[in-house]
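Notes for the structure review
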Amino acid sequence: MAARSEEGQVPAAERLASLIHESQCTVALTGAGVSVPSGIPDFRTPETGIWANVDPMKVAHIDVFKNDPARFWSYYRPRFHSLGDKRPSGAHEALAELERRGLLDAVITQNIDRLHRAAGSENVVEVHGSIETSSCMSCTATYGLDEVDGLFNDEGIAECSGCGGPVKPDVVLFGELLPESAMSRAQDLAERADLMLCVGSSLVVHPVAALPQLALGRGGHLAIVTKGATPYDSQATLKMHGEVDEELAALLAALG
Ligand code: ZN
């Protein structure tokens, strides 16, 4: 619910609705927070259970994939399974609805869980890649998420069924650069945005964290819907601090 914080103040959801109506080009930038209501914990917050003592930044690393693929897959295969079962959250659904209404031009996301597409968003820039596909590093073969499970050898390593080469998820691992094409699309969108709607991202992971600055530099507004502080809070036209799915539901209600 969008509560009136002080008597006479226009609720944030209504102010955001006005910003969206005034904007000719609105671009969303999303992070792990949009997937938390889907049951996907933030990769960077401490996990519970069997992976509590594993640092993903050390295992989901390109060097581990190359040098110790069995260890890499012992972490990543269950992660594939766990992510593959998840459904879009209210936040994903709300952003897809904004696009359907012609009020959102694109979603730039740091998430690899493909839930924006699952919710129906069509113009999605996945700057860290996606679990949707995995590719052979030796030939051009590409496998869908459901096919990867059939590629594992006795050592627990995914191998190309065509050439036997190593198969890697089409996600950006730690230690890898972000794909140039996705980043240049993201930068182009940020530069064209009258309004950048940042949802569920702490806006600290570079180079994605530089995108709001590009929008600001061209005179665009920032609206931030994220729990916790971000480095851009003081430059944002508005900030919503509640649960992302509830805040975006309030936005849709305010848009009518
Ligand atoms: Zn191959």
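All figures in this text were calculated on a predicted structure; none of them were measured in a lab. (Residues numbered from 1 in each chain as written. Predicted model: local features only at pLDDT ≥ 70, side-chain atom pairs only at ≥ 80, totals over all residues. Heavy atoms only, no water.)

1. Some words on unusual backbone geometry
Cis peptide bonds are those with omega within 30 degrees of zero, and the linkage from His206 to Pro207 qualifies with 5 degrees. Within the element layout of this structure, Pro207 appears in the loop between β7 (195–199) and α9 (211–217). Here Arg114, not a glycine, exhibits a phi torsion of approximately 60 degrees, which is positive. Within the secondary structure, Arg114 is located in the loop between β2 (106–109) and α6 (115–119). Located in the positive-phi region is Leu203, a residue other than glycine, with phi close to 55 degrees. Residue placement: Leu203 occurs in the loop between β7 and α9. (Helix = DSSP H or I, 4+ residues; strand = E, 2+ residues; numbered from the N terminus.)

2. Side note on the coordination of the zinc ion
Ideal geometry at a metal centre: 109.5 degrees between donors when four sit tetrahedrally, and 90 or 180 degrees when six sit octahedrally. The coordination sphere of the zinc ion, as far as protein atoms go, consists of Cys136 (SG), Cys139 (SG), Cys160 (SG) and Cys163 (SG), spread over 2.2 to 2.4 Å. Viewed at the metal, the four donor atoms of the zinc ion are separated by angles of 98 to 118 degrees, and the geometry they form is tetrahedral. Motif for the zinc ion, donor spacing along one chain: C-x2-C-x20-C-x2-C. Taken as a pair, Cys139 in the loop between β4 (129–136) and β5 (142–144) and Cys160 in the loop between α7 (145–148) and β6 (167–171) lie far apart in primary sequence, 21 residues in all. (Donors = N, O, S within 2.8 Å, 3.2 Å for Na, K, Ca; no water. Tetrahedral: all angles 85-135°; square planar, octahedral: opposite > 155°, others 65-115°.)

3. Observations concerning helix α1 (residues 12–22)
Every α-helical turn comprises 3.6 residues, leaving residues that sit three or four positions apart pointing alike. Regarding α1, the residues found buried are Ala12, Ala13, Leu16, Ala17, Leu19 and Ile20. For α1, the angular spread of buried residues about the axis comes to 160 degrees, placing them on one side. Exposed residues lying more than 90 degrees from the buried face of α1 are His21 and Glu22. In this fold, the buried residues of α1 make contact with β1 (26–30), β7, β8 (221–225), β9 (238–240) and α10 (244–255). (Buried < 20%, exposed > 50% of the residue type's maximum accessible area, 1.4 Å probe, protein only. Arc of directions from axis to C-beta. Contact = heavy atoms within 4.5 Å.)

4. As for the packing of α1 against α10
Between α1 and α10, the least distance of the axes is 8 Å, while the angle of their chain directions is 65 degrees. For the pair α1 and α10, the crossing hand works out as right-handed. Across the interface between the two elements, Ala13, Glu14, Leu16, Ala17, Ile20 and His21 from α1 touch Ala250, Leu251, Ala254 and Leu255 from α10. Counted by class, the contact of α1 with α10 contains eight nonpolar, one polar and one charged residues. (Axes fitted to C-alpha atoms, helices over the stretch in contact; angles between N-to-C directions. Left-handed = near helix turned anticlockwise from the far one by under 90°. Nonpolar A, V, L, I, M, F, W, Y, C, P; charged D, E, K, R; others polar.)

5. What about the sheet that holds β5?
Hydrogen bonds between backbone groups are what pair the strands of a sheet, and the pairing can be parallel or antiparallel. The three strands lie next to each other as β5-β4-β6, forming an open sheet whose pairing is antiparallel. Each having just a single partner strand, β5 and β6 make up the two edges of the open sheet. Mean inter-strand twist for the sheet, computed between neighbouring axes without regard to direction, equals 35 degrees. Alignment of β4 against β6, held across four bridges, turns out to be antiparallel. Of the residues in β6, the one forming a bridge with Ser135 is Lys168. Contacting β4 and β6, helix α4 (residues 69–84) crosses the sheet at an angle of about 50 degrees to β6. (Pairing = 2+ DSSP bridges.)

6. Here we look at the pairing of β1
Of all the five residues making up β1, five are buried; the element is thus mostly covered by neighbouring parts of the structure. Side-chain alternation along β1 places Thr26, Ala28 and Thr30 on one buried face and Val27 and Leu29 on a second face that is also buried. Note that β1 and β7 share five bridges and pair parallel. Residue pairing for β7: Val27 is matched across the bridge by Met196. Alignment of β1 against β2, held across four bridges, turns out to be parallel. Along β2, the bridge assignment pairs Thr30 with Thr109.

That is the geometry; function is a separate question.
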